[in-house]
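# Structural overview
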Amino acid sequence: MLEKIKHIHYMFHISLVFIIFPIAGVISGEYPLLTLLWTLLFVLAFYSVLISQNRTVQWLAWWVMIAYIFYTSVWLNLGFTWFIFYLSNLLIYELDEISFRSWRFVSFIVLQPMILTGVYMVGQVSPWQLLFFLVTFVFSDAFTFGLYRIRVSEEIKEEKRKQNAKLNLFLAENERSRIGQDLHDSLGHTFAMLSVKTDLALQLLQMQAYPQVEKELKEIHQISKESMNEVRTIIENLKTRTLASEFATVKKMLEIAGIEAQIDHQLDTASLTQELESTASMILLELATNIIKHAKASKAYLKLERTEKELILTVRDDGCGFASMKGDELHTVRDRVLPFSGEVKVNSQKQPTEVQVRLSYKERN
């Protein structure tokens, strides 16, 4: 119990300072002694909502708080209406249910006209008292809706952060696998061969078969030079990307983000220059990343086609699109297409959003 109380945010503890008002009223004789019992039950109910995982206990605690606020506002002092903010903070920051259709939220709203009706029935309500109630309720509702929007916004940001972290991890793992496969395929057998030839050279050296030793050393030297060239090639390849691997990566990324992806491509890239294929791959990745981070889409369509002169990449989604077009959208993609006399065109701003990238076609020499 104490451990759970320690984990409660300190602001919830501080907010209970207002409990001093009903206690002071009892001490001064303004309120009946029974108010102390009611107030103690209110505090216990408040902490029960904060720390209890039992739904029945939470249900009872919530209605105890509702009853206390109604009783003190109607029969003790109009100022206790402000205790409704205890419910507002619990609704937004402590309870899993933040739907406006939840029974807690409905009871929070219904309590307000109930207090007004109770006060009217107990005694005549003056215009100033009516204004006080209206201001209190409007402020509490605006406060609750404002907190709700902030919490939803924070949850969306947190979800995006987790999603981006998952995507970054996937990309890192994908790149690590690629490097590992390249190293295994190209250098694994090379080191095995060097080990065998080194052992053989040592044996020949013990046998004083110097001509054969010289031959083996020359072969070891040649293999070493070739392996160095292979390492350089691997490093160079890390700077380039292939459309085949990028389409697979993008499809997986979209699936992780919960976006249904439809891929339509012509992957006959044998005649494309390495530079063009790498640039097209990076553009594809960047457009897919934009959909995930900004579009709020559920479906995406990616198409790659070729004409006699151009490589055409079309990306479409059912997301929120561009709110307005200022001319500097997708500036990173536009920078990438410049060396190829390419073009970036937004065919549709929203519903659906469609971006088309054209790159002049160049054949390998």
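Further up the page is the structure itself.
For clarity, every value in this text was computed on a predicted model and none was experimentally measured. Note that residues are indexed from 1 along each chain, following the sequence as it is written. For a predicted model such as this one, the threshold for reporting local features is a pLDDT of at least 70, and the threshold for listing and counting side-chain atom pairs is 80 or more; totals across whole chains, interfaces and linings nevertheless cover every residue. Heavy atoms from the whole structure form the basis of all side-chain values; hydrogens and water molecules are not counted.

### Some details on the pattern of salt bridges
The following threshold applies: Counted as salt bridges are all cases of a side-chain nitrogen of Lys or Arg within 4 Å of a carboxyl oxygen of Asp or Glu. Counting from the N terminus, the helices are DSSP H or I runs at least four residues long and the strands are E runs at least two residues long. Relative accessibility under 20% of the residue-type maximum defines a buried residue, over 50% an exposed one, and the middle range a partly exposed one, all with a 1.4 Å probe and only protein chains included.
As enumerated under the stated definition, the model contains seven salt bridges in all. Between Lys215 and Glu219 there is a salt bridge, with its nearest N and O atoms 2.9 Å apart. One end of the pair, Lys215, and the other, Glu219, are both in helix H9 (residues 210-238), four residues apart, so they sit about a helical turn from each other. Given the relative accessible area of 46%, Lys215 is considered partly exposed. Owing to a relative accessible area of 26%, Glu219 belongs among the partly exposed residues under this scheme. In this structure, Glu255 and Lys251 form a salt bridge, with 3.9 Å as the shortest nitrogen-oxygen distance. Within this pair, Glu255 and its partner Lys251 are both found in helix H10 (residues 243-256), separated by four residues, close to a single helical turn.

### Notes on the packing of helix H5 (residues 55-76) against helix H7 (residues 103-122)
Worth spelling out the cut-off: Comment: axis = line fitted to C-alpha atoms, over the contacting stretch for helices; angle = value between 0 and 180 degrees taken between N-to-C directions. Every angle not falling under 35 degrees, over 145, or within 65 to 115 is termed oblique; those three ranges are roughly parallel, roughly antiparallel and roughly perpendicular. We call a crossing left-handed when the near helix sits turned anticlockwise from the far one by less than a right angle, and right-handed when that turn is clockwise. In what follows, a contact means two residues having at least one pair of non-hydrogen atoms within 4.5 Å. Note on residue classes: Ala, Val, Leu, Ile, Met, Phe, Trp, Tyr, Cys and Pro are nonpolar, Asp, Glu, Lys and Arg are charged, and everything else, Gly too, is polar.
Relative orientation of the contacting elements H5 and H7 amounts to 25°, with a least axis distance of 9 Å. Looking at the two axes, H5 sits roughly parallel to H7. Crossing of H5 against H7: the hand is right-handed. Packed against H5, whose contacting residues are Gln58, Trp59, Trp62, Trp63, Ile66, Ile69, Phe70, Ser73, Val74 and Trp75, the element H7 presents Trp103, Arg104, Ser107, Leu111, Met114, Ile115, Gly118, Val119 and Val122 at the interface. The class makeup of the residues in the contact of H5 with H7 is 14 nonpolar, four polar and one charged.

### Concerning the environment of Cys320
In this structure, Cys320 sits in the loop between strand E3 (310-317) and helix H12 (331-337). A relative accessible area of 37% means that Cys320 is categorised as partly exposed. The contacts of Cys320, once residues within four sequence positions are left out, are His294, Ala295 and Lys350.

### Here we look at the side chain of Thr314
So the rule is basically this: Contacts described as polar in this section are N or O atom pairs within 3.5 Å, which, within protein, must combine one atom able to donate a hydrogen with one able to accept it, while residues neighboring in sequence count only if both atoms come from side chains.
By secondary structure assignment, the location of Thr314 is in strand E3. Within the structure, the side chain of Thr314 is placed 3.2 Å from the side chain of Gln356, a separation counted as a polar contact. Apart from residues no more than four positions distant in its own chain, Thr314 is found in contact with Tyr301, Leu302, Lys303, Glu305, Glu354, Val355 and Gln356.

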